[in-house]
Amino acid sequence: MATSPSIAIIGAGLGGLAASIYLARAGARVTVYEQNVFPGGKAGIVQDNGFRFDSGPSLLTMPFVLQDIFTHAGKNIAEYLTLEKLKILCRYFYPDGTTLDAFSDPDEFADEIDRLSIDTGRQVRRYLDYCQKIYHHTADLFLFKDFRELKTLVSLPALKTLLNLHRIDPFRTMHKANASFFADDKIVQLFDRYATYNGSNPYRAPATLNIIQHVEYNLGGYIVKEGIHRIPAALVEIARELGVSFCFDTKVHKIAYSNNSITGLTTGESTIHYDCIVSNVDAGYTYAHLLNAVYGREARRYFKQEPSSSAIVFYWGIKGRTDRLDTHNIFFSKNYKSEFNDIFARRKCPGDPTIYVYISSRFNKSDAPDGHENWFVMINTPFDSGQDWENETRRMRKVIIEKLSTALRKDIAARIVFEKILTPRLIEYQTGSLRGSLYGISSNSRFAAFLRQRNASRDWRRLYFCGGSAHPGGGMPLVMLSGKITAGKIIHRYGLRS
Ligand SMILES: Cc1cc2nc3c(=O)[nH]c(=O)nc-3n(C[C@H](O)[C@H](O)[C@H](O)COP(=O)(O)OP(=O)(O)OC[C@H]3O[C@@H](n4cnc5c(N)ncnc54)[C@H](O)[C@@H]3O)c2cc1C
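Attention in this report is confined to the structure presented alongside it.

Rules used throughout
- Residues numbered from 1 in each chain as written.
- Predicted model: local features only at pLDDT ≥ 70, side-chain atom pairs only at ≥ 80, totals over all residues.
- Heavy atoms only, no water.
- Helix = DSSP H or I, 4+ residues; strand = E, 2+ residues; numbered from the N terminus.
- Rg over C-alpha atoms; globule rule 2.2 N^0.38 Å.
- Contact = heavy atoms within 4.5 Å.
- Areas by Shrake-Rupley, 256 points an atom, 1.4 Å probe, with all protein chains shown as cover.
- Lys, Arg positive; Asp, Glu negative; His and termini not counted.
- Charge placed at Lys NZ, Arg CZ, Asp CG, Glu CD.
- Axes fitted to C-alpha atoms, helices over the stretch in contact; angles between N-to-C directions.
- Parallel < 35°, antiparallel > 145°, perpendicular 65-115°, else oblique.
- Nonpolar A, V, L, I, M, F, W, Y, C, P; charged D, E, K, R; others polar.
- Core = buried A, V, L, I, M, F, W, Y, C linked by side-chain atoms within 4.5 Å.
- Buried < 20%, exposed > 50% of the residue type's maximum accessible area, 1.4 Å probe, protein only.
- Domains from an automatic or database assignment.
- Pairing = 2+ DSSP bridges.
- Expected span 1.5 Å × (residues − 1).
- Left-handed = near helix turned anticlockwise from the far one by under 90°.
- Polar contact = N/O pair within 3.5 Å; in protein donor to acceptor, adjacent residues only side chain to side chain.
- Salt bridge = Lys/Arg side-chain N within 4 Å of Asp/Glu carboxyl O.
- Near = heavy atom within 4 Å.

1. Quick word on the overall build of the protein
Then comes step 1: Each helix and strand in the protein was counted, giving 18 helices and 20 strands.
Then comes step 2: What you see for the protein is a C-alpha radius of gyration of 22 Å, in line with the 23 Å of a compact globule of 498 residues.
Then comes step 3: Projected onto the principal axes, the alpha-carbon positions of the protein cover approximately 65 × 55 × 45 Å.
Then comes step 4: A fraction of 71% describes how many contacts in the protein between residues 6 or more apart in sequence connect residues 24 or more apart.
Then comes step 5: Per element, the accessible surface of the protein, about 20100 Å² overall, is 51% carbon and sulfur.
Then comes step 6: Mean positive and mean negative side-chain charge positions of the protein (63 and 50 charges, respectively) differ by 6 Å.

2. Observations concerning the packing of helix H3 (residues 106-116) against helix H4 (residues 121-143)
Then comes step 1: At their nearest, the axes of H3 and H4 sit 7 Å apart, and the two run at 130 degrees to each other. With respect to each other, H3 and H4 are oriented oblique. Every residue of H4 that contacts H3 at Pro106, Asp107, Phe109, Ala110, Ile113 and Asp114 is listed here: Gly121, Val124 and Arg125.
Then comes step 2: Partitioning the contact of H3 with H4 into residue classes produces five nonpolar, one polar and three charged.

3. A word on the nonpolar core
Then comes step 1: Counting 114 residues, the largest nonpolar core has Tyr92, Phe191, Tyr217, Ile231 and Leu235 as its most contacted members.
Then comes step 2: No other element matches the nine residues that H4 contributes to this core.
Then comes step 3: Shared between two domains, this core takes at least three residues from each, and those domains are domain 1 (6-43 + 226-305 + 443-493) and domain 2 (105-219).
Then comes step 4: If we skip the residues at most four places from it in the chain, Leu235 touches Leu14, Leu17, Ile21, Leu66, Ile69 and Phe70.
Then comes step 5: Membership of the second largest hydrophobic core comes to 24 residues, among which are Leu290, Leu434, Ile441 and Phe465.

4. Some remarks on the sheet that holds strand E12 (residues 261-266)
Then comes step 1: What the three strands build is an open sheet, ordered E11-E12-E13; its pairing is antiparallel. Of all strands in the sheet, those with a lone pairing partner are strand E11 (254-258) and strand E13 (271-273), marking the two edges. Taken over all neighbouring pairs, the strand axes of this sheet differ in orientation by 40 degrees on average, direction set aside.
Then comes step 2: Sheet topology note: the E11/E12 ladder contains five bridges and is antiparallel. Paired with Lys254 across the strands is Thr266, a residue of E12.

5. Re helix H10 (residues 230-241)
Then comes step 1: With 12 residues, H10 should reach 16 Å at 1.5 Å per residue; the first-to-last C-alpha distance of 17 Å fits that figure.
Then comes step 2: Buried within H10 are the following residues: Ile231, Pro232, Ala234, Leu235, Val236, Ile238 and Ala239.
Then comes step 3: For H10, the elements touching its buried residues are helix H1 (14-25), strand E5 (60-61), helix H2 (63-72), strand E9 (221-224), strand E10 (245-247) and helix H18 (476-493).
Then comes step 4: Immediately beyond the C-terminal end of H10, within one or two residues, lies Gly243, with a positive phi of roughly 100 degrees.

6. Quick notes on the packing of H1 against H2
Then comes step 1: The geometry of H1 relative to H2 is characterised by a closest axis approach of 10 Å and an angle of 30 degrees between their N-to-C directions. As the angle between them shows, H1 and H2 are arranged roughly parallel. The way H1 lies across H2 gives a crossing that is left-handed. For the pair H1 and H2, contact is made by Ala18, Ile21, Tyr22 and Arg25 and by Val65, Asp68, Ile69 and His72, respectively.

7. Let's talk about the side chain of Asn178
Then comes step 1: Looking at where Asn178 falls in the secondary structure, it is placed in helix H7 (residues 174-181).
Then comes step 2: Assessed through its relative accessible area of 0%, Asn178 is described here as buried.
Then comes step 3: A polar side-chain atom of Asn178 sits 2.8 Å from a polar atom in the side chain of Asp192.
Then comes step 4: The contacts of Asn178, once residues within four sequence positions are left out, are Tyr127, Val188, Phe191, Asp192, Asn210 and Gln213.

8. A short note on the pattern of salt bridges
Then comes step 1: Throughout the structure, instances matching the rule amount to 24 salt bridges.
Then comes step 2: Two residues, Lys186 and Asp96, come together in a salt bridge whose shortest N-O distance is 3.0 Å. Of this pair, Lys186 sits in helix H8 (residues 185-192) while Asp96 is found in the loop between strand E7 (88-93) and strand E8 (99-103), placing the two residues 90 residues apart along the sequence.

9. Describing the site of the ligand
Then comes step 1: If you check the shell around the ligand, you find 36 residues, and the closest are Gly15, Glu34, Lys42, Gly468 and Met476.
Then comes step 2: Within the side chain of Lys42, an N or O atom sits 2.7 Å from an oxygen atom of the ligand.
Then comes step 3: Gln430 is positioned with one of its backbone polar atoms (N or O) 3.3 Å from an oxygen atom of the ligand.
Then comes step 4: If the ligand stood free it would expose 1000 Å²; the protein chains cover 95% of that surface.
Then comes step 5: Among the elements of the structure, H1, helix H11 (283-290), helix H16 (424-431) and H18 are those that each provide at least two residues to the shell around the ligand.
Then comes step 6: Each residue belonging to the shell around the ligand can be placed in one class, and the counts come to 16 nonpolar, 17 polar and three charged.

10. Looking at the environment of Asp54
Then comes step 1: Position of Asp54 among the secondary structure elements: in strand E4 (residues 51-54).
Then comes step 2: The buried category is assigned to Asp54, whose relative accessible area is 5%.
Then comes step 3: Separated by 228 residues in sequence, Asp54 and Asp282 have C-alpha atoms that sit 21 Å apart.
Then comes step 4: Filtering out sequence-adjacent residues up to four positions away, Asp54 remains in contact with Gly44, Gly227, Ile228, His229, Tyr315, Tyr358 and Phe376.
Then comes step 5: One polar contact links Asp54 to His229, side chain to side chain, over a distance of 2.9 Å.

11. So, the sheet that holds strand E15 (residues 310-319)
Then comes step 1: Strand order in this open sheet of seven strands is E8-E7-E16-E17-E18-E15-E19, and the pairing throughout is mixed. The open sheet has two free edges, formed respectively by E8 and strand E19 (416-422), since each of these has just one partner strand. Each strand of the sheet is rotated relative to its neighbour by a mean of 20 degrees, with strand direction disregarded.
Then comes step 2: The pairing of E7 with strand E16 (residues 328-331) spans three bridges and is parallel. Bridged to Arg91 within E16 is Asn329.

By themselves these figures say nothing about function.
What follows is the structure, given as structure tokens:
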């Protein structure tokens, strides 16, 4: 076996970039192919007319995952990025006019709940302790490792998880569990919202997903002062120093194979040989378009799963400042259940959507011209199943403007001086995410974690997966963990130094 294998990574998303660094550090020869001229995939940048927006993710959690990549590469993250813990994680606006700040300080948050709700700060503390227990019983097994590996399955943590199954709450839905902790529908809605962090429906997703609230409230939510888009740029910088080669503006057309064993890839006329391939592109896209083989066991299983939700994002340059808004804001819908029914059952944009407004110019003045703000306005939508997105976008734009104008008592339409729009179809076009789903498959079943694409394919020798559609799932920290787990498997296979 060669000691220095040649590895091609398809896609310079956060998962692919993380994998490239762990692999290069272990001595592998790594080349990253990226169809766009810039890295980051969903974590990209939109800039025009003096406005700059993070194109997708806005809130960083589990910063230690990102820090680990820098440390592993022998770098000091502080020389590249400024991570700042948010004081207010999110400002919530309810249809009845209540405005509630989710403070990251537990005492302040408890006071806010005591002040504004029939529930109490003590209940919130008890709830966050419950979320923390789920994390302690699952994270090591389900997030940081490949739990389907034999050595993980027969380990002590696995046994502990099995013996404490009731503590990870897999049999209730997230909503049911949250409603058992709180009497106030507003607080239930606030915590149900976390199902959307991996594109799922709180009325169907297992309560185990309440792990996310622990990650945000107990471990902290962070902004990257320079903008999220600086994360991939910094990762490319350190990967290059470790010897990783990057081919930007280079679309991979096919993965080459013989007898279900990967031999290389094709970018144009010729096929380039590689010892193994890591696909950082959506697993469904990889099977359908890069392998042209949707008949294998894994591919068939993948296509049976329900994709996660998608989004419409309006990048708005806004004249003036709106003092009532914080950096991260949510305007809730009146009927959350009906909103999720629209998204997942009726597969249409909600009549009354929950709206997320993120303003990075609040902490980075250069993101908007003087006297202006950059509003990233997002709603959750179904994945693309042939909807008329032009019509849907027009309809949602009107609904959003009306709702924000009423809640903020301002004529929002008159203040929009710049606009760009992202739709589910564009998400697929720009990143290869099948049907524009943001996080691979949804977690709307308690078995979803077991059905995600494995990091090492079982059907294709020397083919690996990382990114949102692979284990352990979507969201920035998880895709970077996925890159690390995948790199670990290749390192182990070739006996490289880890
Ligand atoms: C609107 C939006 C909001 C989000 N908000 C958050 C948030 O607040 N917090 C959070 O943690 N996460 C959030 N996410 C999710 C997060 O952005 C993703 O989970 C993560 O960035 C995905 O990384 P990935 O490694 O799966 O790669 P991707 O970002 O999916 O990148 C895949 C890359 O592969 C490239 N590629 C595809 N096909 C080919 C080909 N044939 N040849 C070469 N290259 C190819 C693409 O161009 C792309 O660069 C959000 C996502 C979106 C879209």
